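# Residue-level structural notes
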Amino acid sequence: MIVERRLLPHLDWSLIAAVLLLTLIGLLTIYSVTWNIQAGQPGAEFWRQAAFIPVGFFVLAICVAVDYRALTQRSPAIFAVLLLALVAVLLFGTVVKGSRRWIDLGIAPLQPSEFARLALALVLAMLYGDGRRSARSLGELVFGAGLLALPAFLIYRQPDLGTAVTLVPVFAGIAYMAGLRLRWLVGALLMTALLSPVIWTYGLKDYQQGRVLTFLDPYKDPQGDGYQQIQARVTVGSGGLVGKGFRQGTQGAYRFLPEAHNDFVLAVLAEEQGFAGVIIVLGLYLFVIWRSLEAARLAKDRVGAFLVVGLVSWFTFQVVYNISMQAGLAPVKGLTLPLMSYGGSSLVATLAGFGLILNVRMRRFTN
Amino acid sequence: MLTPGAYEDRQSLHLRLLVMQSVVVGLFFVLASAFWVLQVVQYAELSDRSERNHLRTIPLRAPRGVLFDRNGEVLVQNRRSFRIAIVREQTPDVAGTIQQLSRVTGVSIAEIAGVVERRRTDPIFRPIPVIEHATDEQVAAVIAQKLELPGVMVEQVPMRAYPDGGLAAHVFGYVGEVQPGQLQRAEFSGLQPGAIVGQSGLEQTYNSSLMGTDGNRFVVIDSRGREIEELERENPVDGRRVQLTIDIDMQRALEEAFAADGFDGAAAFLDPATGEVLALTSLPAYDPNNFAAGISSATWSALNADPLRPLGNRLIRGLYSPGSTFKIVMAIAALEEGVITPETEISCRGSAVFYGRSFKCWKAGGHGRMTLRHALEQSCNVFFYTLGERMSVDVINKWAGRLGLVGMTGIDLPQEKASFIPSTEWALTARSDGRWYPGETVSVAIGQGAVSVTPIGLATMMATVANGGTLRSPRLVKAIDHGQGWEVVPLPAPRSHVVIDPEHLAAVRDGLWMAVNTPQGTGTTRGRIIGKDVSGKTGTSQVISNDGKAAAQASERAAGRDPRIYEDHGWFVFFAPRDNPEVAGVVFTEHSEHGYLSAPIAKYVLETYFAKKEGRPLPKYKSAVVPAASAVPAGGARAGGGGGGGGQ
């Protein structure tokens, strides 16, 4: 598993640097927002996150080292293992806040759903990229959608609609690259629009409906559902151009904004570092996405390109959704900001994904 | 190397990647714009809201100044009290929280909601104190249920603590929240709604000294309202310490004697040389502690509805006819105006005719021939009718004014009423025919008719007679500590100063001494203190004319009410010792029938004064009043009728 030395110059060091920078900015923001005045030290979340960063980069290194083609070729097996893990979670998982998402491995709890997109991206890249298949025919498309539906349904049953939804961009991105006809795309969008009243009534639970309604008018219930959204606005807005300063934020530190170290970590950064800090972070994310798509462009084969696009599609979707939510442009949904938000499994799975992206780019000249 | 079609394939792949990259750039541009709107365009509004979220200004109430008696004994101080307040901004459901708070503390929902309603225009981040002076149980219950009571806080505030049982209530007055109307006034500028100010008595007169300056704490709180840290503290500045002229032992003696005899009324004991008030009361009174704790609406209504009007200070606001006590003014006026000399004799045959009308003396057989000294001793009406015939009402008015019986005395208590002695000038404007009838002057001579004075007016008159003619405003404050130790309040210039001829003064003082110390005296020795030469004069103030009294009392009794409300009030004015008087004053007992029933109260307070001065043990009071089983005396036994015959 030792990486051949001649491959190292082809490693995208600037992408690694940008990814590392974002994880460190996230870590510092967690440090600031969990700071305990009485104890004079940051909260336990900081130390946990700090411990997961090296773990994540170690996993990233492994994912770079193994030739991605070896992984795509074994993707049916990997996908099967994932499905088994998801079933195991439903059967034996730990219940946290009403959801069964975790499985205790003894050393650390693991959240298999975070790794679902990796397995899905591998198997879909294999499906559409290997040989001369494409997503042009309806049959191929339905088969791919079926592969999406299996893990998505299992995760939805946990229940964790948010994570289940993040699998959709993986499929959509790869299908689009594989030649998905526009008429299918338009048709799917039209179908969704037509079915939305049905989905609204039968597909969404009360609290999910509430979130959407609250988004449309947060002041309908300013102390209840609308609270988080209002406080997120206040948190971001009060940062101004240059922010209140490191550890000078009040909205997150004094718990006016719930989930400040988690889903709303960017709001805290916006409060403390202002618009200037936000622009730097947005710039880094844009650079990471752009640079990753370049890896797809450079990929030596369709499998590599599709794998990258599947992973980037997910990453982009979740980053854009989370930031939209913090900017008040989307309903509050429990989706973290990849790389920056608190969460071990999510960080490791994300870094593993970037390992695969780097992998594809690094091996663009190999046979 | 390339498979067929691979080139086209790669072209389309690149195109699609370019589309994706463009879409991402577009999305990020939208996101950046959204942050620009929030952080730059809406910065001012959202920054303000963030401040309001976590910054609280918690007022620190300044303790009011401590009041001391003339010997340095603490009279009024402050104690720690808890109050429970609601911060509406932190209360998602105000009505629900009020309900919960009511359940926890046992205070009715209506009462709490009423306070919140009254303060609804306050900024929503300002705490509204809904339960003042909370009990330990209430505080413990609120703290225990803190999580179910968001936005409810417990504050510690200094609260006024007065002596138990309303002692000297009308001296101190009471405090209360500044009223919305008062906030407009200059003296209360800069105060917040809810500030505590003096609303009566000395608390009101000296409010600016006693109040101090409230402070503030600026604190950071978290979303659950818990205090994280204190950013800044403006310490409250305590109110000024104030030393009163009151002697607490005399004050206690005074109220003890009133209580033992069962009388309502008023009294003042003055130092004639300075006008300092040694003891002062008006009864019934109230307990100022009830006001300090935030008076309940029930208590307030009860105090206001009470027919005995305990909130009114009778001493300075009650207007009564002075009765025979006015004979002292007549005596000095007649002597100084040269109408009589101390040796002039006038004959009393039980009645006399003036201006074609018969005026009676209280003693049916008459007093015979007597000089001024004996006329004062025995309170002979005919003697003073005669003086009234020989002097104009304007001369009487002039001398009454010089002695302090016209207008307000200027005592440092709020809302004093003016004493009134008529004059022709007054008649000219106040009466439809503009005339003053000389026959009326004859009534005025014995303190009847269109004469009404306050008890403090009579006390001031006696102090002026006692000091030989210097009229001073009574005052209750001896010294104020403005921060550099006690500063004695300088003696104000006298309101009027006349030198009464020593011979004349001696005659009056002798007469007053005899009234108290001889068996013939109307004081019937009840005010006498052996060796202290108490000098004084009794008087009665009619509530209703003697003719109407029996009928009125009968109807009152038929209605099941106390007929005593039609009984005369009793006066005793005095100074002691006769030569170089140290104390002068008035005791006014409501519905006591006889002036001489006021004398034992005065005597007891004076005994206390002398005992304290000479270092002897303080005396004990023995009430001589027989419980009034039969309130109506045999009507015929009393003089009266005609042009007014009261006055012993």
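Residues numbered from 1 in each chain as written. Chains lettered and ligands numbered in written order. Predicted model: local features only at pLDDT ≥ 70, side-chain atom pairs only at ≥ 80, totals over all residues. Heavy atoms only, no water.

## So, the overall build of chain B
Broken down by element type, chain B carries 22 helices and 23 strands. Computed over C-alpha atoms, the radius of gyration of chain B comes to 36 Å, more than 25% over the 26 Å expected from 2.2 N^0.38 for 648 residues, which places it beyond the range of a compact globule. Taking the principal axes of the C-alpha coordinates as reference, chain B spans close to 155 × 60 × 55 Å. By the burial criterion, 55% of the 648 residues in chain B qualify as buried. (Helix = DSSP H or I, 4+ residues; strand = E, 2+ residues; numbered from the N terminus. Rg over C-alpha atoms; globule rule 2.2 N^0.38 Å. Buried < 20%, exposed > 50% of the residue type's maximum accessible area, 1.4 Å probe, protein only.)

## Describing the pattern of salt bridges
Residue and element names in this part refer to chain B. Applying the stated rule across the entire model yields 33 salt bridges over all chains. Between glutamate 337 and lysine 398 there is a salt bridge; the shortest N-O distance is 2.9 Å. Linking glutamate 337 in the loop between α13 (327-336) and β13 (346-348) with lysine 398 in helix α16 (residues 393-403), this pair joins segments that are 61 residues apart in sequence. The class of glutamate 337 is partly exposed, set by a relative accessible area of 33%. One salt bridge connects arginine 373 with aspartate 510, and the closest N-O pair in it is separated by 2.8 Å. Of this pair, arginine 373 sits in helix α14 (residues 372-378) while aspartate 510 sits in helix α20 (residues 502-517), placing them 137 residues apart in sequence. Judged by its relative accessible area of 21%, arginine 373 falls in the partly exposed class. The network of salt bridges with common partners includes Glu73, Asp247, Asp249, Arg252 and Lys612. (Salt bridge = Lys/Arg side-chain N within 4 Å of Asp/Glu carboxyl O.)

## Comments concerning helix α15 (residues 381-390) of chain B
Because each turn of an α-helix spans 3.6 residues, side chains separated by three or four positions in sequence point in the same direction. With eight of its 10 residues buried, α15(B) lies for the most part within the structure. Looking only at α15(B), the buried set comprises Asn381(B), Val382(B), Phe383(B), Phe384(B), Tyr385(B), Thr386(B), Leu387(B) and Gly388(B).

## With respect to the pairing of strand β22 (residues 569-576) of chain B
All names here are of chain B. The element β22 is extensively covered by neighbouring structure, given that eight of its eight residues are classed as buried. Burial along β22 is two-sided: His569, Trp571, Val573 and Phe575 and Gly570, Phe572, Phe574 and Ala576, pointing in opposite directions, are all buried. As judged from the seven bridges shared by strand β21 (residues 535-541) and β22, these two strands associate in the antiparallel manner. Bridged to glycine 539 within β22 is tryptophan 571. Bridge analysis of β22 against strand β23 (residues 583-589) gives seven bridges, and the strand direction is antiparallel. Looking at β23, one finds that glycine 570 is bridged to threonine 589. The antiparallel hairpin formed by β22 and β23 contains six residues in its connecting segment, where asparagine 580 sits at a positive phi of about 50 degrees. (Pairing = 2+ DSSP bridges.)

## Here we look at helix α2 (residues 44-65) of chain A
Residue and element names in this part refer to chain A. In this model, α2 (22 residues) spans 32 Å end to end at C-alpha, consistent with the 32 Å of a helix rising 1.5 Å per residue. Taken as a whole, α2 has its buried residues at Phe46, Gln49, Phe52, Ile53, Gly56, Phe57, Leu60, Cys63, Val64 and Ala65. Packed against the buried residues of α2 are α1 (13-33) and α13 (344-362). (Expected span 1.5 Å × (residues − 1). Contact = heavy atoms within 4.5 Å.)

## What to know about the nonpolar core
As a rule of thumb, nonpolar side chains are buried together in soluble globular proteins. One finds Leu124(A), Tyr285(A), Met340(A) and Phe35(B) to be the most contacted residues of the largest nonpolar core, which totals 120 residues. The greatest single-element share of this core, amounting to 17 residues, is contributed by helix α11 (residues 265-298) of chain A. With residues up to four places along the chain from it excluded, the contact list for Leu124(A) reads Gly129(A), Gly144(A), Leu147(A), Val170(A), Phe171(A) and Ile174(A). Within the second largest apolar cluster, 96 residues are counted, among which are Val171(B), Phe383(B), Val393(B) and Ile421(B). (Core = buried A, V, L, I, M, F, W, Y, C linked by side-chain atoms within 4.5 Å.)

## A few points about unusual backbone geometry
Residues and elements named next belong to chain B. Omega for the bond connecting leucine 283 with proline 284 falls within 30 degrees of zero, at 0 degrees, which places this linkage in the cis form. With respect to the secondary-structure elements, proline 284 resides in the loop between β12 (277-283) and α10 (288-292). Residue alanine 576 is joined to proline 577 through a cis peptide bond whose omega torsion reads -10 degrees. For glutamine 415, which is not glycine, the phi dihedral falls at a positive 65 degrees. Within the secondary structure layout, glutamine 415 lies in the loop between α16 and α17 (424-430). Residue class for glutamine 415 comes out exposed when judged on its relative accessible area of 55%. Located in the positive-phi region is glutamate 593, a residue other than glycine, with phi close to 75 degrees.

## Looking at the domain arrangement of chain B
Residue and element names in this part refer to chain B. Domain parsing of chain B yields domain 1 (55-144 + 154-222 + 234-244) and domain 2 (248-288 + 313-480 + 489-618). The distance between the C-alpha centroids of domain 1 and domain 2 comes to 42 Å. On the domain 2 side, the residues contacting the 27 residues of domain 1 number 23 residues. Approximately 2,300 Å² of surface area, both sides summed, lies buried where domain 1 meets domain 2, with 61% of it carried by carbon and sulfur atoms. Taken as a group, Arg70, Leu167 and His170 account for 30% of the area that domain 1 buries against domain 2, more than any other trio of residues on that side. (Domains from an automatic or database assignment. Buried area = accessible area lost by both parts, 1.4 Å probe.)

## Concerning the state of the cysteines
All names here are of chain B. All chains considered together, the criterion is met by zero disulfides over all chains. Free of any disulfide, cysteine 361 has its nearest cysteine sulfur in cysteine 348, 3.9 Å distant. Accessibility expressed as a relative area gives 3% for cysteine 361, which makes it buried. (Disulfide = S-S within 2.5 Å.)

## Overview of the environment of Tyr566(B)
All names here are of chain B. The topology assignment puts tyrosine 566 in the loop between α21 (546-558) and β22. Judged by its relative accessible area of 22%, tyrosine 566 is partly exposed. On a C-alpha basis, the gap between tyrosine 566 and valine 543 in space is 5.7 Å, while along the polypeptide they are 23 residues apart. Each residue touching tyrosine 566, except ones within four places of it in the same chain, is listed here: Val543, Ile544, Lys549, Ala552, Gln553, Glu556 and His591.

## A word on the sheet that holds β12(B)
Residue and element names in this part refer to chain B. In space, the five strands of this open sheet follow the order β12-β11-β23-β22-β21, with antiparallel pairing throughout. Lying at the two open borders of the sheet, with one neighbouring strand each, are β12 and β21. The average angle at which neighbouring strand axes cross in this sheet is 10 degrees, direction not considered. Relative to the sheet, helix α19 (residues 455-467) contacts β11 (265-270), β22 and β23, its axis offset from that of β23 by approximately 150 degrees. α20 contacts β21 and β22 of the sheet and is inclined by roughly 70 degrees relative to β21. (Axes fitted to C-alpha atoms, helices over the stretch in contact; angles between N-to-C directions.)

## A look at the sheet that holds strand β1 (residues 55-60) of chain B
Residues and elements named next belong to chain B. Pairing within the open sheet is antiparallel, and its three strands lie in the order β1-β8-β9. Where the open sheet ends on each side, the last strands, each with one partner, are β1 and β9 (227-234). This sheet shows a mean twist of 25 degrees between the axes of neighbouring strands, independent of strand direction. Pairing of β1 with strand β8 (residues 215-221) involves six bridges; the strand directions are antiparallel. Along β8, the bridge assignment pairs leucine 55 with valine 220. Contacts from helix α2 (residues 43-54) reach β1 and β8 within the one sheet, and its direction differs from that of β1 by about 50 degrees.

## Describing the packing of aromatic side chains
Aromatic rings in a pair are described by how distant their centres are and how their planes are angled relative to each other. Evaluation of the coordinates by the stated rule reveals 28 aromatic pairs over all chains. Seen from their ring centres, Phe572(B) and Phe574(B) are 5.6 Å apart, and the 20 degrees between their planes marks the pair as stacked. Considered together, Phe572(B) and Phe574(B) belong to a single accessibility category, that of buried residues. Joined through ring pairs, the aromatic side chains of Tyr31(A), Trp35(A), Phe46(A), Trp47(A) and Phe246(A) make up one cluster. The ring centre of Trp35(A) lies 3.9 Å from the NZ or CZ of Arg247(A), which sits over that ring. (Phe/Tyr/Trp six-rings, centres within 6.5 Å; stacked < 30°, edge-to-face > 60°. Lys NZ or Arg CZ within 6 Å of the ring centre and 35° of its normal.)

## Some thoughts on the packing of helix α4 (residues 75-92) of chain A against helix α6 (residues 138-156) of chain A
Residue and element names in this part refer to chain A. Between α4 and α6, whose axes approach to 9 Å, the crossing angle comes to 20 degrees. Judged by the inter-axis angle, α4 sits roughly parallel to α6. Note that α4 runs across α6; the crossing there is left-handed. Residues Phe79, Leu82, Leu83, Leu86, Val87 and Leu90 of α4 touch α6, and the partners they reach there are Leu147, Leu150, Pro151, Leu154 and Ile155. (Parallel < 35°, antiparallel > 145°, perpendicular 65-115°, else oblique. Left-handed = near helix turned anticlockwise from the far one by under 90°.)

## A word on the confidence of the model for chain B
Per-residue pLDDT for chain B has a mean of 87; in total, 94% of the residues score no lower than 70. Low pLDDT, under 50, characterises residues 628-648 of chain B; the predicted model gives this stretch 54 contacts beyond four residues in sequence or across chains. (pLDDT = per-residue confidence, 0-100.)

## Points about the interface of chain B and chain A
With 40 residues of chain B at the interface, the matching set in chain A holds 56 residues. The contact between chain B and chain A buries some 4,200 Å² in all, and 67% of this surface belongs to carbon and sulfur atoms. In this structure, the connection of chain B to chain A is made through zero salt bridges. Counting residues per element, the ones that place at least two in the side of chain B that touches chain A are α1 (6-41), α2, β8 and β9 of chain B. No other element matches the 23 residues that α1(B) contributes to the side of chain B that touches chain A. Its residues assigned to classes, the side of chain B that touches chain A comprises 23 nonpolar, nine polar and eight charged. (Nonpolar A, V, L, I, M, F, W, Y, C, P; charged D, E, K, R; others polar.)

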